[in-house]
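Given next are the chains, with one letter for each unit.
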Amino acid sequence: MRLLHTSDWHLGRSFHRESLLSAQAAFADHLVETARSERVDAVLVAGDVYDRALPPVDAVALFDDTLRRLRGLGVHTVIISGNHDSPVRLGFGAGLMDRIHLRTDPHQAWSPVVVNDVAFYGIPYLEPELVRTPWNLPERTHTAAMTHVMDRVRLDAAPSKVVLAHAFVLGGAASDSERDITVGGVSHVPLRVFDGMSYVALGHLHGRQTMSEHVRYSGSPIAYSFSEADHVKGSWLVELGGSAEFVPAPVPRPLTRMRGHIDDLLALPTSEDWIQATLTDPVRPKAAMERLRARFPHTVDLQFAPDDVPEAAPARARLAGRPEIDVALDFVREVRGESADPDERRILEEAAMACRIKETMA
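Predicted model only: the values in this text are computed from it and were never measured.

*Asks:* Is there a simple way to think about the sheet that holds strand E17 (residues 255-260) in this case?
*Replies:* To summarise the sheet geometry, strands pair through backbone hydrogen bonds and adopt either a parallel or an antiparallel arrangement. The strand order across the open sheet formed by 3 strands is E17-E18-E19, and the pairing between neighbours is parallel. Where the open sheet ends on each side, the last strands, each with one partner, are E17 and strand E19 (299-304). The sheet shows a mean angle of 15 degrees between the axes of neighbouring strands, direction not considered. As paired elements, strand E18 (residues 274-279) and E19 share 5 bridges and run parallel to each other. Among the inter-strand pairings, Gln 276 is bridged to a residue of E19, identified as Asp 301. Against the sheet, helix H7 (residues 288-295) engages E18 and E19, with an angle of about 140 degrees to E19.

Below is the structure:
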C-alpha cells in the first residue's frame, strides 16, 4: 500500500500579514497530482488543516475542493484535527463522506479506518485536561493521554497498523511557527509510545524529521516563519513495509534573511523573495522599510541590531532619579536616531505633567 503523509497545512494563515492562499492552493494542486501520478492508496493529513478554529471562507473552500479532487481519484484520505483546528467544525459530516475519513473525537482514536486490511488509527490532538477524567489518567500530561490511546490500539488484532498523531515527540526540532501546546500538562511524548506500529504519521512540528525507521514528521508544506528558510518542504511517499521517499513541494516564493548596514543591503541584486532584513547601522535609518521595499518589494520583516553597541546597564540603574521627560526624550532619540522636535517635546512634557498630577491625586 502506498501512502502520502502530509500535515500542518494551516489553511488561512498569513505570512507577516501577506496572504498565502495562492501558495497553499499551489500545494494542493501538487498534492493531488502526486497522489495521481504515484498511484497513492491513502493520503494522511496529520492535523492542523486550518490555522484557527474558525477558518476564513476561502480556506474552507480550498480544503473542500482538495478533498473532492482526491476522492475523484479513488484515494482514501484520513484526516485528524490538530491543536489549531476546531474538532467539531472540522469533524462535521464525518460519517457522511465516502473515502474521506475525519477523526476529531479523542474517544474514537482507537477505532480504526480499515482499507485493504490496513488499520488506520487517527489520534487527534489530545488536550490532557479534557481527557484526564473520562480516561482516569494517572497524571495531566500528553504522555499519559497518548499512552492510554496507544495501549488501546495495541489491543487490536489488525496485522498492519498505521497511526496518525498530532504531538510533540521528544527529540523533535521545533521552529518559530508552531503554537505552544504546553497548556494542560507537559507537552512532549516519548518516541517509545509508538512502538510496534507499521507507520506513524506525525504532525505539529513544521520541519520534516525522521524520528525512527517508521515514525516521521512531514512538516508543513509551506514555510511559515523565517526560522524555516532552510527547510525543504513536501510530503513523505511511503511504501508500507518498505521504503519512504520525500517528495518536495513547490516553493512559490523563497525566504531570504539579510543582515548588514542598509546601504550595503540596497547594493545587493534585487529579489522577489520574502525578505527579513536586520539592520546593523549604528543609528536607525530613516524610512528604512520604504527604502528596502523599493528594491526588495516583498520585504516583510525589519529588525534593528546595531553593531558594536556596548552592553547597557540595567534599566533600573540607568533610569533611577531621572525626570520622566528625560527618559521619554532619550527613548525617542534611541528608537528614531534623532531628537524630538519642539512640538513633540511639548506633547511629551504635557503627558509627563498629566501623569504626575494624576499620581499626586491618587
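From this point on, the discussion continues.
*Asks:* Would you take a moment to explain the nonpolar core for this structure?
*Replies:* One finds Ile 123, Trp 135, Met 146, Val 149, Val 163, Phe 194 and Leu 202 to be the most contacted residues of the largest nonpolar core, which totals 31 residues. Elements represented by at least two residues in this core include exactly strand E8 (118-123), helix H4 (128-135), helix H5 (142-155), strand E9 (160-166), strand E10 (168-169), strand E12 (199-203) and strand E14 (215-217). Here this core takes 6 residues from H5, the largest share from any one element. Discounting chain neighbours no more than four positions away, the residues touching Val 163 are Tyr 121, Ile 123, Met 150, Phe 194, Met 197, Tyr 199, Val 200 and Ala 201. The next biggest cluster of nonpolar side chains, apart from the first, holds 26 residues, and it includes Phe 27, Leu 31, Ala 35 and Leu 90.

*Asks:* Looking at this structure, I do not really get the packing of aromatic side chains. What am I missing?
*Replies:* When we look at a pair of aromatic rings, we describe it by the centre distance and by the angle of the planes. Per the counting criterion, the structure on display carries 7 aromatic pairs. Geometrically, the ring pair formed by Tyr 50 and Phe 63 is edge-to-face, given 5.6 Å between the ring centres and 80 degrees between the ring planes. Here Phe 63 lies in helix H2 (residues 57-72) and Tyr 50 lies in the loop between strand E4 (42-46) and H2, a separation of 13 residues in the sequence. Each member of the pair, Tyr 50 as well as Phe 63, is classed as buried.

*Asks:* Would you mind going over the pattern of salt bridges with me for this structure?
*Replies:* When the charged atoms of two side chains with opposite charge come close together, those side chains can pair. The full count for this structure, using the stated rule, is 14 salt bridges. With its nearest N and O atoms 3.8 Å apart, the salt bridge here joins Arg 257 to Asp 230. With Arg 257 in strand E17 and Asp 230 in the loop between E14 and strand E15 (234-239), this residue pair connects regions lying 27 residues apart in the sequence. The class for Arg 257 is partly exposed, based on a relative accessible area of 43%. Using a relative accessible area of 68% as the deciding quantity, one classes Asp 230 as exposed. Residues Arg 345 and Glu 349 are paired through a salt bridge, measuring 3.1 Å at the closest nitrogen-oxygen approach. Taken as a pair, Arg 345 and Glu 349 lie in helix H10 (residues 342-361) at a separation of 4 residues, close to a single helical turn. Assessed through its relative accessible area of 36%, Glu 349 is described here as partly exposed.

*Asks:* Looking at this structure, I do not really get the packing of helix H1 (residues 21-37) against H2. What am I missing?
*Replies:* Two measures define how a pair of helices packs: the angle their axes make with one another and the distance between the axes. The geometry of H1 relative to H2 is characterised by a closest axis approach of 10 Å and an angle of 10 degrees between their N-to-C directions. When the axes of H1 and H2 are compared, the pair comes out roughly parallel. Residues Leu 21, Gln 24, Ala 25, Ala 28, Asp 29, Leu 31, Val 32 and Ala 35 of H1 form the contact with H2, whose own contacting residues are Asp 58, Leu 62, Thr 66, Arg 69 and Leu 70. Residue classes in the contact of H1 with H2 are distributed as 8 nonpolar, 2 polar and 3 charged.

Analysis parameters
- Residues numbered from 1 in each chain as written.
- Predicted model: local features only at pLDDT ≥ 70, side-chain atom pairs only at ≥ 80, totals over all residues.
- Heavy atoms only, no water.
- Pairing = 2+ DSSP bridges.
- Helix = DSSP H or I, 4+ residues; strand = E, 2+ residues; numbered from the N terminus.
- Axes fitted to C-alpha atoms, helices over the stretch in contact; angles between N-to-C directions.
- Contact = heavy atoms within 4.5 Å.
- Core = buried A, V, L, I, M, F, W, Y, C linked by side-chain atoms within 4.5 Å.
- Buried < 20%, exposed > 50% of the residue type's maximum accessible area, 1.4 Å probe, protein only.
- Phe/Tyr/Trp six-rings, centres within 6.5 Å; stacked < 30°, edge-to-face > 60°.
- Salt bridge = Lys/Arg side-chain N within 4 Å of Asp/Glu carboxyl O.
- Parallel < 35°, antiparallel > 145°, perpendicular 65-115°, else oblique.
- Nonpolar A, V, L, I, M, F, W, Y, C, P; charged D, E, K, R; others polar.

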